[in-house]
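Structural features, examined
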Amino acid sequence: MDNRTIADNFSLLSKLMDIHGENSFKAKSFGSAAFTIEKLPLPLDGMPLDDMKKLKGIGESLLKNIQELLLSGRLPLLDNYIEITPPGILEMMKIKGLGPKKIATIWKELEIESLGELLYACNENRLTLLKGFGEKTQDSVRENIGFYMANRERFLYAQVETFALDLEKQLRQLFSPATVSLTGHFRRQETIIDEVELVIALPIDLLEETLVSMKAFSLVTRTEALLILHHEEKVKVKIYSATEDSFTTTLFHTTASPAFLNDFHAAGGNAAGPFHTEEAIFEKAGIAYLHPALREGLGEVGKAKGLEAWPELIQPGDIKGIIHAHSTWSDGRYDLEQMAVAAAQQGFEYLVISDHSRTAVYANGLSIERIQAQHAQIQELNQRLAPFRIFKSIESDILGDGSLDYPNEVLASFDLVIASVHANLKMTEDKAMARLIKAIENPYTTILGHLTGRLLLSRNGYPVDHDKIIDACRANNVVIELNAHPRRLDMDWRYIAKALDKGCLISIDPDAHSIEGFADIRYGVLAAQKGGLTKQYNLSSFSAVALEAYLKG
């Protein structure tokens with residue numbers, strides 16, 4: 001064990017002690033020891049004990065820790081701190097500009113325990129509300145997290161989308177006139193992408209020779225019909241070789257999940273071409289054409305068998321209004337008028353402003369007095385911006401016992417209420433269900449917000465029984481949100497079909513904390529398409545007039 005490794009152990013121990021609020025003098029002493037050890041001219045490993053005792057800056061207590069480390073390769077005190085520290089906090093320590101004191105503040109005051117949660121908090125302007133954090137610090141943290149995450153090899157769909165589309169365009173130009181198409185998980189619009197896959201109608205040898213010669217690619221492996229490459233952008237790329245005659249069949253097979261292909265073949269489908277279009281493959285099988293997003297093997301083939309056409313899936317243009325947005329009244333980046341004007345300019349008919357409720361002090365939640373002031377502003381803006389409409393809403397915290405954040409007379413003053421869990425997320429399923437069901441049964445709850453509280457690639461949601469939640473929402477006429485933020489996409493698309501079968505409405509909502517956040521609607525729509533959602537069953541596809549009628553009914 002070299003001196004640098006020993007020093008790293010003591011440095012980490014010092015930082016973790018700081019994060020946990022231990023005695024600052026003791027924590028600092030381990031930090032000083034790390035500095036001293038790293039600068040030593042001779043290695044400690046193999047040094048006689050008597051010589052170690054003579055080293056300046058290394059006392060008796062530190063000497064015992066060094067001996068323990070050299071003998072066992074472990075530092076028990078450090079192991080203890082690592083054991084009681086969430087892995088995400090340890091990962092935060094890798095982010096430039098985040099020292100132990102700042103990490104401790106983020107952890108203790110915002111209850112954030114992962115990088116994904118921290119990035120989400122930056123996008124919601126939560127850090128600017130903490131002492132010692134300004135807008136520049138928040139922007140720097142956001143940028144540094146982005147850089148760190150870009151060097152990991154699992155991506156949200158939104159993170160890899162531009163790369164994938166640009167690569168498809170580049171390869172089409174490079175290999176013209178050969179046919180090129182994205183396929184696989186990306187074409188199925190999966191929420192998490194591990195690799196970008198394409199089909200190219202050219203021989204495998206030509207593909208290998210051309211791509212490996214490019215600086216951006218390095219070859220991982222190849223088979224008779226497949227290249228696996230590593231791109232300098234830290235993305236794994238799969239290239240399937242095909243001929244022009246086999247291209248459509250290859251595209252069909254590589255797009256679908258194995259479960260979907262099993263269902264397709266069991267239903268009498270056969271993609272052994274040649275076919276010029278995928279539509280022809282479905283037509284020959286007597287199965288209605290299924291959009292690539294629907295090819296997961298969750299019963300879609302059985303539903304489509306014998307149908308003339310699958311119901312038209314929801315499209316981004318079907319969204320008529322922004323439901324669930326935040327302004328500077330709580331933790332948004334823009335004031336209410338700016339958010340409303342931007343929504344109108346983008347062609348939306350209405351804005352449902354849903355700032356945070358009073359318990360969310362970390363997000364500058366609204367007191368009862370501030371609610372009254374906001375409602376007065378909404379009334380004035382509605383007169384001035386007509387026919388554009390601002391609906392009065394609140395994102396009410398679901399408290400620990402399942403109650404909402406205001407008395408009934410205050411809840412009654414809103415046009416609609418979005419009920420969401422934001423705190424005390426570590427729950428058993430029984431606790432989570434009791435909390436959610438009580439909130440759903442509250443007569444003032446209109447929409448259940450981000451159902452499980454998950455953050456993709458960052459935080460698992462609390463466990464819930466989706467069937468019971470869907471039944472409760474239907475029984476209480478509560479809409480289920482599909483939170484469109486690409487890190488949430490919650491409810492999960494896999495449960496949309498169940499909700500639709502029970503007659504529940506879904507609402508694709510951007511949870512926008514800025515004007516730019518309106519664009520996240522598109523990612524919600526892509527996820528909703530996987531669940532088979534049509535515009536008729538999406539609340540944010542209602543016109544302003546239809547929404548008002550729904551809320552009054």
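Scroll up a little and you will see the structure.
This structure is a prediction, so every number in the text was calculated from the model and none was measured.

A look at the overall build of the protein chain
Looking only at helices and strands, one finds 24 helices and 14 strands in the protein chain. The dimensions of the protein chain, computed from C-alpha atoms along their principal axes, are 90 × 70 × 45 Å. Expressed as a percentage of its 553 residues, the buried residues of the protein chain come to 54%. Contacts in the protein chain between residues at least 24 apart in sequence constitute 68% of all its contacts with a sequence separation of at least 6. For the protein chain, the accessible surface area stands at approximately 24,700 Å², while carbon and sulfur atoms represent 52% of it. Of the charged side chains in the protein chain, 58 are positive and 74 negative; the average position of the first set lies 4 Å away from that of the second.

Let's talk about the sheet that holds strand E7 (residues 236–241)
In sheet architecture, strand pairing relies on hydrogen bonds along the backbone and comes in two forms, parallel and antiparallel. Spatial strand order, E2-E4-E7-E6-E5: 5 strands in an open sheet with mixed pairing. Only two strands of the sheet have a single neighbouring strand rather than two, namely strand E2 (180–183) and strand E5 (217–222). Ignoring which end each strand starts from, the neighbouring axes of this sheet average 30 degrees apart. Inspection of the sheet shows E2 paired to strand E4 (residues 195–200) by 4 bridges, in the antiparallel sense. Note that in E4 the partner of Val180 across the bridge is Ile200.

Here we look at empty space enclosed by the protein
With the rule as written, the count across this model stands at 2 cavities of 30 Å³ or more. Considered as a void within the structure, the largest cavity measures approximately 70 Å³ in volume. Around the largest cavity, the lining residues are Leu156, Tyr157, Ala158, Gln189, Glu190, Thr191, Pro486, Leu489, Tyr523, Leu526 and Ala527. Secondary structure elements with two or more residues in the lining of the largest cavity: helix H10 (157–175) and helix H23 (521–530). The element best represented in the lining of the largest cavity is H23, accounting for 3 residues.

A look at the packing of helix H1 (residues 3–19) against helix H4 (residues 60–72)
Between H1 and H4, the shortest axis-to-axis distance is 11 Å and the interhelical angle comes to 120 degrees. When the axis of H1 is compared with that of H4, the two are oblique. Helix-helix and strand crossings are classified by hand; for H1 and H4 the assignment is right-handed. Residue-level contacts link Ile6, Asn9 and Phe10 of H1 to Leu62, Asn65, Ile66, Leu69 and Leu70 of H4. Residue composition of the contact of H1 with H4, by class: 6 nonpolar, 2 polar and no charged.

A closer look at the pattern of salt bridges
The full count for this structure, using the stated rule, is 29 salt bridges. Asp79 is paired through a salt bridge with Arg74; the nearest N and O atoms lie 2.9 Å apart. Look at Asp79 and you get partly exposed, because its relative accessible area is 25%. For the salt bridge of Asp194 with Arg154, the shortest nitrogen-to-oxygen distance reads 2.5 Å. A residue pair is termed long-range when its members are at least 10 positions apart, and Asp194 in the loop between strand E3 (192–193) and E4 and Arg154 in the loop between helix H9 (135–149) and strand E1 (155–156) qualify at 40 residues. Residue Asp194 is classed as partly exposed on the basis of its relative accessible area of 36%. Overlapping salt bridges, with partners in common, bring together Arg188, Glu190, Glu296 and Lys530 in one network.

Basis of the calculations
- Residues numbered from 1 in each chain as written.
- Predicted model: local features only at pLDDT ≥ 70, side-chain atom pairs only at ≥ 80, totals over all residues.
- Heavy atoms only, no water.
- Helix = DSSP H or I, 4+ residues; strand = E, 2+ residues; numbered from the N terminus.
- Buried < 20%, exposed > 50% of the residue type's maximum accessible area, 1.4 Å probe, protein only.
- Contact = heavy atoms within 4.5 Å.
- Areas by Shrake-Rupley, 256 points an atom, 1.4 Å probe, with all protein chains shown as cover.
- Lys, Arg positive; Asp, Glu negative; His and termini not counted.
- Charge placed at Lys NZ, Arg CZ, Asp CG, Glu CD.
- Pairing = 2+ DSSP bridges.
- Axes fitted to C-alpha atoms, helices over the stretch in contact; angles between N-to-C directions.
- 1 Å grid on protein atoms, 1.4 Å probe; cavity = no way out; pocket = protein on both sides within 12 Å on 5 of 7 lines; lining within 4 Å.
- Points joined across faces, edges and corners; volume = space filled by probe spheres on them.
- Parallel < 35°, antiparallel > 145°, perpendicular 65-115°, else oblique.
- Left-handed = near helix turned anticlockwise from the far one by under 90°.
- Nonpolar A, V, L, I, M, F, W, Y, C, P; charged D, E, K, R; others polar.
- Salt bridge = Lys/Arg side-chain N within 4 Å of Asp/Glu carboxyl O.

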